[in-house]
Amino acid sequence: MGGCFSKPKPVELKIEVVLPEKERGKEELSASGKGSPRAYQGNGTARHFHTEERLPAPHPYPGAQDCVEAAVCHVKDLENGQMREVELGWGKVLLVKDNGEFHALGHKCPHYGAPLVKGVLSRGRVRCPWHGACFNISTGDLEDFPGLDSLHKFQVKIEKEKVYVRASKQALQLQRRTKVMAKCISPSAGHSSSTNVLIVGAGAAGLVCAETLRQEGFSDRIVLCTLDRHLPYDRPKLSKSLDAQPELLALRPKEFFRAYGIEVLTEAQVVTVDVRNKKVVFKDGFKLEYSKLLLAPGSSPKTLNCKGKEVENVFTIRTPEDANRVVRLARGRNAVVVGAGFLGMEVAAYLTEKAHSVSVVELEETPFRRFLGERVGRALMKMFENNRVKFYMQTEVSELRAQEGKLKEVVLKSSKVVRADVCIVGIGAVPATGFLRQSSINLDSRGFIPVNKMMQTNVPGVFAAGDAVTFPLAWRNNRKVNIPHWQMAHAQGRVAAQNMLAQEAEISTVPYLWTAMFGKSLRYAGYGDGFDDVIIQGDLEELKFVAFYTKGDEVIAVASMNYDPIVSKVAEVLASGRAIRKREVETGDMSWLTGKGS
């Protein structure tokens, strides 16, 4: 911000705010970004540029003064622990009062644009109400994920009992701040057959690892390789917005990778890893030596293993191309979704407005049963039935029948025959670690890569992160778990990078995930595997509820719909190391959440 506090000039506050403010709770409506700050500037490529990259200093808007300053409130207007959105004329700012001090930050979460004023303030940070990202109130820095960018921090001064905030107009309009990063100064970058850091897999874990290395000042060569034909993109959106175009899903623009010297090899498949000679071999025979390696290959979707499995128009959803093709084929036709987990249910919900009919086939008796329990699963099932989705439960597919090679019918074990022009398979995934079988890197019986809290494998200098790992979950007694979710992959990528730089960081994040169906979001925090009871407060019928998952005497996870910011509150309590007892949630008295209870 530099010399922003120069002599204040009178500020004209009748300026139209440039960004459209559609504060609607439907944050995952579409990948083209209703609610995604990235899509605000119409032209495709401009949407991800950040201060450090594009806007020429010092006058990004010709003839405009660089900074605005305004008195936003009286010092007594906010209590400690309170947050308020204040208007500076060029945009809003989040004003926070904590321990008697005022802080001013960007007011929207850079991930999907959530209003942070509705989030949770605790232990010097604010947690997003939608997806749980955390920002330090003193610096604006991102401390927990999802998302890649931090918040701008604005100057605050107090004069005559009034609180003044001063900010650059540019920062107010960008609403996000990319941390300062090192550039690559390695002479061999781009062409030699050795790299300092090689990252296999360009999902959230791989990208965050590369960015963290650069943020920490690492200036040697980084190569990121991916099976995909695209630069890293927002994969969770695929099943929520199937017709999203790859360029709108990109997490960073091409220029970003060029600016910071992060080389991305697309459609690059690693076939062997030789840890003794620190070398990987690609399918096309290309060999690359490394000194540090991150394995973040993610998972491969399971496919149906029944009669007719080779017929056309049966899909798993892994890439934007898969998702786009499904929408094209389903329009006005009959769609069958196999599997009532997150992916299957999101796809089914999305297709209800496009397809003639949508049917879901599932082995369990209710959707999400293992994850969310019987009662919540049933309430969600009803929402789907009200939207014309037909369920075939406690059965599976025995045959796919084709006409002229293309899918026509799905035959169930219950001998029911369902008309189908397109079939989407969402029956889980397996770690994509086949290429490691011949290496000396340990895999467990299911093919996962076991790592310690520092994301290290059994081989020195080789780290692993993301959907393909099992790791010790600190607040569940270091139980070895696999958590194949977006936020966790970000967190693990960061810890791996820190430990490549010998910073001795440990993974300690509380798992946080979400799903969106019919414009409604369900949020979830914790690790509920093995829950033996579910305590529900609120109204399940109305889908306005919070569900606490308990094991013995302890709350191990929470889920909610239309009950913000309770999941973020519980995540903060768990992150602080405090256990939540079953009796605390049974009474319906939530005072323990605000810290006023026992």
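Residues numbered from 1 in each chain as written. Predicted model: local features only at pLDDT ≥ 70, side-chain atom pairs only at ≥ 80, totals over all residues. Heavy atoms only, no water.

- The chain is annotated in an unreviewed UniProt entry as Apoptosis-inducing factor 3 from Suricata suricatta.
- In its Sequence similarities (unreviewed entry) section, UniProt records this for the chain: "Belongs to the FAD-dependent oxidoreductase family."
- According to the UniProt record, the Subcellular location (unreviewed entry) comment for the chain is "Mitochondrion". (UniProt positions renumbered as here; feature names shortened; annotations may be inferred.)

### Regarding the overall build of the chain
Logical step 1: A tally of helices and strands in the chain yields eleven helices and 35 strands.
Logical step 2: Within the chain, buried positions represent 57% of all 598 residues.
Logical step 3: In the chain, once contacts between residues fewer than 6 apart in sequence are set aside, the share between residues at least 24 apart is 62%.
Logical step 4: Per element, the accessible surface of the chain, about 25500 Å² overall, is 47% carbon and sulfur. (Helix = DSSP H or I, 4+ residues; strand = E, 2+ residues; numbered from the N terminus. Buried < 20%, exposed > 50% of the residue type's maximum accessible area, 1.4 Å probe, protein only. Contact = heavy atoms within 4.5 Å. Areas by Shrake-Rupley, 256 points an atom, 1.4 Å probe, with all protein chains shown as cover.)

### A short note on the sheet that holds strand β21 (residues 389-393)
Logical step 1: With respect to topology, five strands assemble into an open sheet ordered β18-β25-β19-β20-β21, the strand pairing being parallel. The sheet terminates laterally at β18 (314-315) and β21, the two strands that pair on one side only. (Pairing = 2+ DSSP bridges.)

### Re the packing of aromatic side chains
Logical step 1: This structure, assessed with the given rule, holds eleven aromatic pairs.
Logical step 2: Relative to Phe257, the ring of Phe256 has its centre 5.7 Å away and its plane inclined at 85°; by these criteria the two rings are edge-to-face.
Logical step 3: Residue classification places Phe256 among the buried positions, given a relative accessible area of 0%.
Logical step 4: One aromatic cluster is present, formed by Phe342, Phe368, Phe371, Tyr524, Phe531 and Tyr549 through successive ring pairs.
Logical step 5: It is Lys157 that lies over the ring of Tyr164; its NZ or CZ is 6.0 Å from the centre.
Logical step 6: The positively charged end of Lys544 is found above the aromatic ring belonging to Tyr563, 5.2 Å away from the centroid. (Phe/Tyr/Trp six-rings, centres within 6.5 Å; stacked < 30°, edge-to-face > 60°. Lys NZ or Arg CZ within 6 Å of the ring centre and 35° of its normal.)

### Side note on the sheet that holds strand β2 (residues 82-87)
Logical step 1: If you walk across this open sheet you meet the six strands as β1-β10-β9-β4-β3-β2, and the pairing is antiparallel. Where the open sheet ends on each side, the last strands, each with one partner, are β1 (67-74) and β2. Pairwise comparison of adjacent strand axes, ignoring direction, gives a mean angle of 30° for this sheet.
Logical step 2: In terms of strand pairing, β1 meets strand β10 (residues 162-168) through seven bridges, oriented antiparallel. Within β10, the residue paired with Cys73 across the bridge is Val163. (Axes fitted to C-alpha atoms, helices over the stretch in contact; angles between N-to-C directions.)

### Remarks on the side chain of Asn136
Logical step 1: When you line up the elements, Asn136 lands in strand β7 (residues 134-136).
Logical step 2: Residue classification places Asn136 among the buried residues on the basis of a relative accessible area of 16%.
Logical step 3: Here the side chain of Asn136 touches Thr139 through a polar contact of 3.2 Å, landing on its backbone nitrogen.
Logical step 4: Beyond its immediate sequence surroundings of up to four residues, Asn136 is in contact with Leu105, Gly124, Arg125, Asp141 and Glu143. (Polar contact = N/O pair within 3.5 Å; in protein donor to acceptor, adjacent residues only side chain to side chain.)

### What about the state of the cysteines?
Logical step 1: One pass over the full model with this rule turns up zero disulfides.
Logical step 2: With no disulfide of its own, Cys128 has Cys109 as its nearest cysteine by sulfur position, at a separation of 4.0 Å. (Disulfide = S-S within 2.5 Å.)

### Digging into the nonpolar core
Logical step 1: Core analysis: the largest hydrophobic core is formed by 101 residues, its most contacted members being Val273 and Leu295.
Logical step 2: Per-element tally for this core: the top contributor is helix α9 (residues 486-500), with eight residues.
Logical step 3: If we skip the residues at most four places from it in the chain, Leu295 touches Val200, Phe435, Leu436, Ile441, Ile449, Val462, Phe463, Ala464 and Ala465.
Logical step 4: Core analysis: the second largest hydrophobic core is formed by 51 residues, Val326, Ala349, Val376 and Met383 among them. (Core = buried A, V, L, I, M, F, W, Y, C linked by side-chain atoms within 4.5 Å.)

### What to know about the pattern of salt bridges
Logical step 1: Summed over the entire model, instances satisfying the criterion amount to 36 salt bridges.
Logical step 2: Across the salt bridge formed by Lys307 and Glu399, the nearest N and O atoms sit 3.9 Å from each other. On the criterion of sequence distance, the pair formed by Lys307 in the loop between β17 (299-301) and β18 and Glu399 in strand β22 (residues 397-403) is long-range, its members being 92 residues apart.
Logical step 3: On the accessibility criterion, Glu399 (18% relative accessible area) is buried. (Salt bridge = Lys/Arg side-chain N within 4 Å of Asp/Glu carboxyl O.)

### Observations regarding the environment of Lys240
Logical step 1: Within the secondary structure, Lys240 sits in helix α3 (residues 236-240).
Logical step 2: For the pair Lys240 and Ala349, spaced 109 residues apart in sequence, the C-alpha to C-alpha distance is 8.2 Å.

### Overview of unusual backbone geometry
Logical step 1: Between Phe145 and Pro146 the backbone carries a cis peptide bond, its omega angle lying at 20°.
Logical step 2: By the element assignment, Pro146 lies in the loop between β8 (142-144) and β9 (153-159).
Logical step 3: With an omega of 0°, the peptide bond between Asp564 and Pro565 qualifies as cis.
Logical step 4: Along the chain, Pro565 turns up in the loop between β35 (554-561) and α10 (566-575).

### What about the packing of helix α2 (residues 204-215) against α9?
Logical step 1: Running from N to C, α2 and α9 point in directions that differ by 40°, and their axes come no closer than 7 Å. As α2 runs across α9, the sense of the crossing is right-handed. In this structure, α2 contributes Ala204, Ala205, Val208, Cys209, Thr212 and Leu213 to the contact, and α9 contributes Trp486, Ala489, His490, Gly493, Arg494, Ala497, Gln498 and Met500.
Logical step 2: Split into classes, the residues belonging to the contact of α2 with α9 amount to nine nonpolar, four polar and one charged. (Left-handed = near helix turned anticlockwise from the far one by under 90°. Nonpolar A, V, L, I, M, F, W, Y, C, P; charged D, E, K, R; others polar.)

### What to know about helix α8 (residues 369-386)
Each full turn of the α-helix corresponds to 3.6 residues, which orients residues three or four apart in the same direction.
Logical step 1: Over its 18 residues, α8 extends only 19 Å from the first C-alpha to the last, a length that falls short of the 26 Å expected when each residue adds 1.5 Å.
Logical step 2: The sharpest bend along α8 comes to roughly 80°, located at Arg375.
Logical step 3: All of the buried residues along α8 are Leu372, Gly373, Val376, Gly377, Ala379, Leu380, Met381, Met383 and Phe384.
Logical step 4: Once α8 finishes, Arg388 follows within two positions and takes phi at roughly 65°, a positive value. (Expected span 1.5 Å × (residues − 1). Bend = angle between axes of the 7 residues up to and from the residue.)

### Some thoughts on the environment of Ala547
Logical step 1: Inspection of the secondary structure assignment puts Ala547 in strand β34 (residues 544-551).
Logical step 2: The spatial distance from the C-alpha of Ala547 to the C-alpha of Val376 is 8.0 Å, given a sequence separation of 171 residues.
Logical step 3: Among all residues touching Ala547, those that are not within four sequence positions of it are Val376, Val534, Ile535, Ile536, Ala557, Val558 and Ala559.

### Points about α2
Logical step 1: The end-to-end C-alpha separation of α2 is 16 Å, in line with the 16 Å expected for twelve residues at 1.5 Å each.
Logical step 2: For α2, a buried count of eleven out of twelve residues is recorded, marking the element as mostly surrounded by other parts of the structure.
Logical step 3: Contacts made by the buried residues of α2 are with β11 (194-200), β12 (222-225), α5 (254-259), β13 (262-265), β16 (287-295) and α9.
Logical step 4: Positive phi shows up at Gly217, right after α2, with a value of about 95°.

### Structural notes on the pairing of strand β14 (residues 270-274)
Logical step 1: Of the strand pairs in this sheet, β14 and strand β15 (residues 279-282) are connected by four bridges, and their pairing is antiparallel. Across the sheet, residue Val270 finds its bridge partner in β15, namely Phe282.
Logical step 2: Two successive antiparallel strands, β14 and β15, enclose a turn made up of four residues, where Lys278 displays a positive phi of approximately 50°.

### Section: the confidence of the model for the chain
Low pLDDT marks regions whose predicted coordinates should not be analysed in detail.
Logical step 1: Overall, the prediction assigns the chain a mean pLDDT of 89, with 88% of residues at 70 or greater.
Logical step 2: Confidence over residues 28-64 falls short of pLDDT 50; this stretch has 84 contacts with residues more than four positions distant or in other chains. (pLDDT = per-residue confidence, 0-100.)

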